[in-house]
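Here is what each chain is made of, one letter per residue.
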Amino acid sequence: MKKVKVRFAPSPTGPLHIGGARSALFNYLFAKRYDGEMVLRIEDTDLERSRPEYEKEIIDSLRWLGISWTEGVDIGGDNGPYRQTERISVYREYVEKLLASGQAYECFCSEEELEKEREELLAKGEMVRYSGKCRYLTPEEREEKLKQGIKPAIRFKVPDNKVYVVNDLVRGKVAFETGNIGDFIIMKSDGIPTYNFAVVVDDALMGITHVIRAEEHLSNTPRQLMLYEALNFKVPEFAHISLILGSDRQKMSKRHGATSLIQYREKGYLPEAMYNFLALLGWSPEGEEEILTPEQINKSFSLDRVSKSPAVFDLDKLNHINQQHIKMLSLDRLKELLRPYLEASPYGEKIASLGPEKYELLVMALRDYLVCLSDIVEHARIILEDIEYEDEALQVLKGEHIKDLLLQFIDEYPPVDGVEEIKQYMKSLVKKTKLKPKDVFMPIRCALSGKTHGPDLPYLISIWGREEVQRRVRKTLEIIDRK
RNA sequence: GGCCCCUUGGUCAAGUGGUUAAGACACCGGCCUUUCACGCCGGUAACAGGGGUUCGAAUCCCCUAGGGGUCACCA
């Protein structure tokens, strides 16, 4: 069997978004699965909107996700260049061929004319397609237009009454009749090819065997099939994967909140969690386990298990997957990953002066609370900020004998403050006071943190240390006295 | 509007003619625990509708409805 070769071909008109990332991932997984190759091509023929900085950002995002390729803009290869604006002469060559064989023609229609035509058709309730009027221009008319300085666009002559069948790997056979398709532009009047043309030339020349892309391209496929035929290129296999929708079931867009991969990266979603989540959006593993490492996914991916129906992006699920992947991280790795978030926060200095042992305790105390890495800042608040009293905690502090308990607590506080020692001491305190555990722990928790909820008390106490604990208790005692 | 795709719980989904119609997220309840979270256990909840085909349809066919995509000198 011929070696599988796929490609991901983003246009650098914005950051890599969720949908694009998933297309890239599915291509990558497919190539990986069959030990094939992958091309990264940049489709920057939209001169208006393309920006080099986006190209860089997209590449960064892909690399972050864990996707790599065997040929592409950044690493070169035998089929370059990989940026479409650098391949204009190649497209020109093929356009000439079509022109010479009469399969394409020059179109001099102005934008206004076309717009008017479109509106008329729409008003009459007819199919919106180009009339083909420039198809039959006489040589004299053509000369005349040229003389007027009108730069023609090149249109492809769509064959009459033909049926093109896309043999889609996820959808099966899909047929299109050419009667519904008007002659389309393959090269704009400025000499830049349009998407439908460039994509065919490039995919063919680069030896792409499988085109895996979003469903929005399905109805473009017959046009591309015509071009493959006209140019005598070998037709690749196609697989159109369903769209990713927002919670309102519309195609995912900026309105739906964070849509670019980089935003998730910044919030502290793990690349392996994103990989897992994106893979599950449209693909399902055979087993029941859904929390999977990239390696596990690479091994089991297949197009047969890709769903035809569109999927709603579910942040709850992403959160869950991220949380699970965070749990799988080693403590050392987690400490490393969390540090930048803390350092960039208002607690930057405090973290720096905390020392490695206490920093580790902080991470241990808080790790189960994290849905994403940036959550650490909010959760660290209780440890790094001075006491902020909640009403509920103040209520607890009103209880009888609270003052005695607190005094006894700081008085007997052990000379060492490891988590285990503190735990033992707390137990002994419970025994001595003959109170219910809860009646010992809760007041102390409230006195120290001002809150009724939070991480395990021994951790908090251990991180703060003797002096800080005493300071906090005294502060609380003052407040109780004042009331 | 034409063409095309899609339709199993709120969401992601398994299922390919005979199942008590999986599982996951979310939600609810319980347990664990010095609190919260984590974890564990359990629960609510689905085959869009209508016709066929068949001994038997979530599964096959047709129609209807709903959603989406596309019809650019955007990709």
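Conventions we followed
- Residues numbered from 1 in each chain as written.
- Chains lettered and ligands numbered in written order.
- Predicted model: local features only at pLDDT ≥ 70, side-chain atom pairs only at ≥ 80, totals over all residues.
- Heavy atoms only, no water.
- Domains from an automatic or database assignment.
- 1 Å grid on protein atoms, 1.4 Å probe; cavity = no way out; pocket = protein on both sides within 12 Å on 5 of 7 lines; lining within 4 Å.
- Points joined across faces, edges and corners; volume = space filled by probe spheres on them.
- Helix = DSSP H or I, 4+ residues; strand = E, 2+ residues; numbered from the N terminus.
- Nonpolar A, V, L, I, M, F, W, Y, C, P; charged D, E, K, R; others polar.
- Phe/Tyr/Trp six-rings, centres within 6.5 Å; stacked < 30°, edge-to-face > 60°.
- Buried < 20%, exposed > 50% of the residue type's maximum accessible area, 1.4 Å probe, protein only.
- Lys NZ or Arg CZ within 6 Å of the ring centre and 35° of its normal.
- Pairing = 2+ DSSP bridges.
- Right-handed = clockwise from strand over helix to strand, strands pointing away.
- Polar contact = N/O pair within 3.5 Å; in protein donor to acceptor, adjacent residues only side chain to side chain.
- Contact = heavy atoms within 4.5 Å.
- Salt bridge = Lys/Arg side-chain N within 4 Å of Asp/Glu carboxyl O.
- Axes fitted to C-alpha atoms, helices over the stretch in contact; angles between N-to-C directions.
- Parallel < 35°, antiparallel > 145°, perpendicular 65-115°, else oblique.
- Expected span 1.5 Å × (residues − 1).
- UniProt positions renumbered as here; feature names shortened; annotations may be inferred.

A. Looking closely at the domain arrangement of chain A. When cut into domains, chain A gives domain 1 (1–74 + 242–328), domain 2 (87–241), domain 3 (329–384) and domain 4 (386–483). One C-alpha centre belongs to domain 1, the other to domain 4, and the line joining them spans 48 Å.

B. Quick look at the layout of surface pockets. Here the largest pocket defines a volume of roughly 1,200 Å³. Together, 38 residues line the largest pocket, and Ser11, Thr13, His17, Glu216 and His217 are the ones closest to its centre. With six residues, helix 1 (residues 18–33) is the single largest residue contributor to the lining of the largest pocket. Residues of the lining of the largest pocket, tallied by class, amount to 14 nonpolar, 14 polar and 10 charged. Domain assignment of the residues forming the lining of the largest pocket places at least three in each of domain 1 (1–74 + 242–328) and domain 2 (87–241). Its boundaries defined by the atoms lining it, the second largest pocket holds a volume of some 420 Å³. Looking at the second largest pocket, it is lined by 15 residues, and the ones nearest its centre are Glu111, Leu114, Ala153, Ile185 and Ser189. Listing elements by their share of the lining of the second largest pocket, those giving two or more residues are helix 4 (111–124) and strand 5 (153–156). Grouping the constituent residues of the lining of the second largest pocket by class yields eight nonpolar, three polar and four charged.

C. Layout of the packing of aromatic side chains. In this structure the tally under the stated criterion is 11 aromatic pairs. Here Tyr264 and Tyr269 contribute two aromatic rings whose centre-to-centre distance is 5.4 Å and whose plane-to-plane angle is 65°, an arrangement assigned as edge-to-face. This pair shows no difference in class: Tyr264 is buried, exactly as Tyr269 is. Pairing Phe409 with Tyr425 gives two aromatic rings, centres 6.0 Å apart and planes at 25°, and the pair type is stacked. On the criterion of sequence distance, the pair formed by Phe409 in helix 17 (residues 402–412) and Tyr425 in helix 18 (residues 419–433) is long-range, its members being 16 residues apart. Accessibility assignment for this pair places Phe409 and Tyr425 in one class, buried. A network of ring pairs unites the aromatic residues Tyr264, Tyr269, Phe277 and Phe313 as a single cluster. The ring of Phe26 has Arg22 lying over it, and the distance from NZ or CZ to the ring centre is 5.4 Å.

D. Quick look at the sheet that holds strand 1 (residues 5–8). Strand order across the open sheet formed by three strands is 1-2-3, with parallel pairing between neighbours. The open sheet is flanked by strand 1 and strand 3 (71–72), the only strands paired with a single partner. Note: strand 2 (residues 37–40) against strand 3, two bridges, orientation parallel. Across the sheet, the residue bridging to Val39 is Glu71, located in strand 3.

E. Broad picture of the pairing of strand 9 (residues 210–214). In terms of burial, strand 9 is a largely internal element, five of the five residues being buried. For the handedness criterion, the β-α-β arrangement of strand 9, helix 7 (residues 221–231) and strand 10 (residues 237–241) is classed as right-handed.

F. Local environment of the side chain of Glu106. Secondary-structure assignment places Glu106 in strand 4 (residues 104–107). A polar contact is formed between the side chain of Glu106 and the side chain of Arg142, at a distance of 2.4 Å. Here Glu106 is in contact with Cys134, Arg142, Pro152, Ala153 and Ile154, once residues within four sequence places are set aside.

G. Examining the pattern of salt bridges more closely. In total, this model carries 36 salt bridges according to the counting rule given. The residue Arg135 makes a salt bridge to Asp183 at a minimum N-O spacing of 3.1 Å. Note that Arg135 is positioned in the loop between helix 4 and helix 5 (139–147) and Asp183 in the loop between strand 7 (172–177) and strand 8 (184–187), a separation of 48 residues in sequence. Residue classification places Arg135 among the partly exposed residues on the basis of a relative accessible area of 22%. The exposure class of Asp183 is buried, given its relative accessible area of 5%. In this structure, Glu290 engages Lys317 in a salt bridge whose closest nitrogen and oxygen atoms are separated by 2.8 Å.

H. Fine view of the packing of helix 1 against helix 9 (residues 271–280). The interhelical angle for the contact between helix 1 and helix 9, taken along N-to-C directions, is 85°, at an axis separation of 9 Å. Relative to helix 9, the element helix 1 is oriented roughly perpendicular. Between helix 1, through Ile18, Ala21, Arg22, Leu25, Phe26, Tyr28 and Leu29, and helix 9, the contact on the second element is made entirely by Met274, Tyr275, Leu278 and Ala279.

I. Summary view of helix 1. An ideal rise of 1.5 Å per residue puts 22 Å on 16 residues; helix 1 measures up with 22 Å between its terminal C-alpha atoms. Most of helix 1 sits inside the fold, with 13 of its 16 residues counted as buried. Asp35 occupies a position one or two residues after helix 1 and carries a positive phi of about 55°.

J. Main features of the UniProt feature "domain: Aminoacyl-tRNA synthetase class I anticodon-binding" (unreviewed entry) in chain A. Feature annotation in UniProt assigns "domain: Aminoacyl-tRNA synthetase class I anticodon-binding" (unreviewed entry) to the following positions: residues 334–476. Counted over residues 334–476, helix gives 71% and strand 0%. Its end C-alpha atoms are 34 Å apart.

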